[in-house]
Amino acid sequence: MKTRASLLIICLALLILCPGRSSAVSVISPTDAGRVAIHSEYRRLSQGEVVKVTLVSPEAASALLSFDGKEYPFASDREGLKHFTLIVLRLDMEPGTYDAVVHLQPFHGAPKDISFKLAMSPGTFPSSTIRVAQRFTSPTAAEIKRIQEEQALLRGIYGTSVPGWLGTGGFVMPVDDRVTGVFGARRVFNDEVVSRHRGVDIRSPAGTPVKASNTGKVVLVRDLYFSGNTVIMNHGIGLFSIYCHLSETAVREGTVIEKGTVIGRVGSTGRSTGPHLHWGLRLVDDYADPLSIVHLSFD
Ligand SMILES: [Zn+2]
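About the cut-offs
Each residue is numbered by its place in its chain's sequence as written, counting from 1. The predicted nature of this model means local features are confined to residues of pLDDT at least 70 and side-chain atom pairs, given and counted, to a pLDDT of 80 or more, with totals for whole chains, interfaces and linings taken over all residues. Secondary structure counts use DSSP, requiring at least four H or I residues in a row for a helix and at least two E residues in a row for a strand, with both numbered from the N terminus. Exposure criterion: with C-beta atoms placed from backbone coordinates, a residue whose C-beta has 20 or more other C-beta atoms within 10 Å is buried, one with 12 or fewer is exposed, and one in between is partly exposed. Only buried residues count toward a nonpolar core: Ala, Val, Leu, Ile, Met, Phe, Trp, Tyr and Cys, linked into one set through C-beta atoms within 7 Å. Any pair of residues counts as being in contact when their C-beta atoms, constructed from backbone geometry, are within 7 Å of one another. What makes two strands pair is DSSP finding at least two bridges between them. The span one expects for a helix is its residue count, reduced by one, times 1.5 Å. What pLDDT expresses is the predictor's confidence in each residue, scored from 0 to 100.

J.: When you look at the overall build of the protein in this model, what are you seeing that I'm missing?
T.: Summing up its helical and strand segments, the protein has three helices and 23 strands in all. Put simply, the protein has 299 residues, and 37% of those count as buried.

J.: What exactly am I supposed to notice about unusual backbone geometry here?
T.: Residues other than glycine predominantly adopt negative phi, and peptide bonds predominantly adopt the trans conformation. Its identity as a non-glycine residue notwithstanding, His 245 has a phi of 65 degrees, on the positive side. Looking at where His 245 falls in the secondary structure, it is placed in strand 19 (residues 239–249). Classification of His 245 by C-beta neighbours within 10 Å gives buried; the count is 26. Positive phi, close to 45 degrees, is recorded for Val 284, a residue that is not glycine. Mapped onto the elements of the fold, Val 284 is located in the loop between strand 22 (277–283) and strand 23 (286–288). The exposure class assigned to Val 284 is buried, which follows from the 20 C-beta atoms found within 10 Å.

J.: In this structure, what is going on with the nonpolar core? I would like to understand it.
T.: Nonpolar side chains in soluble globular proteins tend to end up buried together. Core analysis: the biggest nonpolar cluster contains 59 residues, and Leu 55, Leu 65, Ile 87, Val 231, Tyr 243 and Leu 283 have the highest contact counts within it. Sort the elements by how many residues they give to this core and strand 19 lands first, with six residues. If near-sequence neighbours (up to four positions away) are discounted, Leu 55 is found in contact with Val 36, Ile 38, Ala 60, Ala 63, Phe 74, His 83 and Val 102.

J.: Please explain the pairing of strand 15 (residues 200–203) as it appears in this structure.
T.: Note that strand 12 (residues 178–181) and strand 15 share three bridges and pair antiparallel. Following the sheet pairing, Arg 178 is matched in strand 15 by Arg 203.

J.: Sorry if this is basic, but what is going on with the environment of Thr 160 here?
T.: Within the fold, Thr 160 resides in the loop between helix 2 (141–158) and strand 12. A tally of 10 C-beta atoms within 10 Å means that Thr 160 is categorised as exposed. Distance from Thr 160 to Val 219, taken between C-alpha atoms, is 9.4 Å for residues 59 residues apart in sequence.

J.: Whenever I open this one, helix 2 confuses me. Can you help?
T.: For the α-helix, the turn length of 3.6 residues means that residues three or four positions removed from each other point alike. Along its 18 residues, helix 2 runs 26 Å from first to last C-alpha, staying within 8% of the 26 Å computed at 1.5 Å per residue. Where burial is concerned, little of helix 2 is hidden: zero out of the 18 residues are buried.

J.: Even after reading the chapter, I still don't get the confidence of the model for the protein, so can you show me in this structure?
T.: Any segment with low pLDDT has predicted coordinates that should not be analysed in fine detail. On average, the protein scores 88 in pLDDT, and the residues at 70 or more come to 88%. Counting interchain partners and residues more than four positions distant, the pLDDT-below-50 stretch residues 1–21 has 38 contacts.

Rendered as structure tokens:
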């Protein structure tokens, strides 16, 4: 990236409060055109969480945030004054202090880099053993082919971006019932397949309406091998919400739907042990705990 070469790196005042607070790191950086403020907001700074980073700068034509080897684009408000992005503290990141760098491209003049640090603590994740139909742990050749085709389809969907930010205000729970399966749990299926739970399970009666957690574009409505009837929404800046095991779906691929729209009903299709909603969140190729985004504020 051009921005990195010639840059004034301003690394400054840094305030890190305890985990558990909803916001914490702020950086104020004086620049030629005034002040640039960076602020982060989160539920916890631990593995699996989403962190919102806000940049207030009247001079930013565009901005990107580099964190943990990935680049996250900022979305801008209408006035071009406030910009935000979302990053994920991956499940497999080692606890520790990480550098984040905002690459700011001003309307005029040279690009600037502004650095700050995020101190991440370990998350706590339970383990469980689950029994499912044999076909989910020992699929046949034909089933393996289907699984691979679906993986390719999903890669294409997650690799396609929409311009800007489509969300409207904060994220809401898609159903109002109790979470019975937490994000990141280690799971052993039929004593054979070990995986991490890449979403949350919400135990709702079959037929309960499932609502879109925020406004976005419906990018997939399919019956998939593992996740059953599935709806995926793209909200912009690399963020997708995923709704699985539905008994039926009520939206069409390619449409933009408002937050709260009923997208389908709770069911038990795919690799499921009973009616529940598996709700997932994917951000720039990593899964994150969807409950962490519900705690964030969006203007
Ligand atoms: Zn699940």
